[in-house]
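Below are the chains, spelled out letter by letter.
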Amino acid sequence: MSLIYKPQGRAGEYAKLALNIYKGCDHRCEYCFAPLATHAIRDEFCKPTTRKDDFLEKLEAEAKKLKPSDPILTCFTCDPYCLLDTEKQLTRSAIQILHRYGHHVHILTKGGRRALRDLDLMTPNDAFATTLTCLDEATSLKWEPGAATPADRIETARRFH
């Protein structure tokens, strides 16, 4: 299975190409579709893991072969800035690899300011987005207990802008 893939069904409306850097997500959003979509047990899904040990080497090979065209969205079924990424920094490496071969990236995250460390990598052809389910912090903590607060996400989006 390719790391860079064409999303199926409704997901294709949002991006023609995607890359999931991690497996799982620690934001624990109550409404998340990803555990079901990935056939994962919810409790296990909420403890993200890295992909196979050779993830970056495989990504490099795929990025090199793939002709630059549509931007590549990170991520549909994980968060590129989950807590594990503060240690592993696979998102930064993935962006660097994609850029090396002329690909543009679109980042979708609820990780808030953790994403700022990669601000220097972004080009005018890249995009950064965050989802805001609500603006009230207490409601956000109820529905998205592991995600950055809405204020944090808004400020991070401002900085990327």
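What counts as what
- Residues numbered from 1 in each chain as written.
- Predicted model: local features only at pLDDT ≥ 70, side-chain atom pairs only at ≥ 80, totals over all residues.
- Heavy atoms only, no water.
- Pairing = 2+ DSSP bridges.
- Helix = DSSP H or I, 4+ residues; strand = E, 2+ residues; numbered from the N terminus.
- Contact = heavy atoms within 4.5 Å.
- Axes fitted to C-alpha atoms, helices over the stretch in contact; angles between N-to-C directions.
- Parallel < 35°, antiparallel > 145°, perpendicular 65-115°, else oblique.
- Left-handed = near helix turned anticlockwise from the far one by under 90°.
- Nonpolar A, V, L, I, M, F, W, Y, C, P; charged D, E, K, R; others polar.

Some remarks on the sheet that holds strand β7 (residues 127-130)
Read from one edge to the other, the open sheet built from 5 strands follows the order β1-β2-β5-β6-β7, with strand pairing classed as mixed. Here the strands that pair on one side only, and so sit at the sheet edges, are β1 (4-5) and β7. Note: strand β6 (residues 105-109) against β7, 4 bridges, orientation parallel. Each residue of the ladder has a partner; that of Thr 109, found in β7, is Thr 130.

Quick word on the environment of Ile 21
One can find Ile 21 in the loop between β2 (17-19) and β3 (22-23). Sequence separation between Ile 21 and Gln 89 is 68 residues, and the spatial gap between their C-alpha atoms is 10 Å. In this view, Ile 21 contacts Arg 51, Phe 55, Thr 74, Cys 75, Cys 78, Pro 80, Leu 90, Thr 91 and Ala 94; residues no more than four positions away in its chain are not counted.

Section: the packing of helix α3 (residues 55-65) against helix α5 (residues 90-100)
The contact between α3 and α5 brings their axes to 9 Å, and the two run at 20 degrees. Classed by the angle they form, the pair α3 and α5 counts as roughly parallel. The crossing of α3 and α5 is right-handed. Residues Phe 55, Leu 56, Leu 59, Glu 60 and Ala 63 of α3 form the contact with α5, whose own contacting residues are Leu 90, Ser 93, Ala 94, Ile 97, Leu 98 and Arg 100. A class-by-class count of the residues in the contact of α3 with α5 yields 8 nonpolar, 1 polar and 2 charged.

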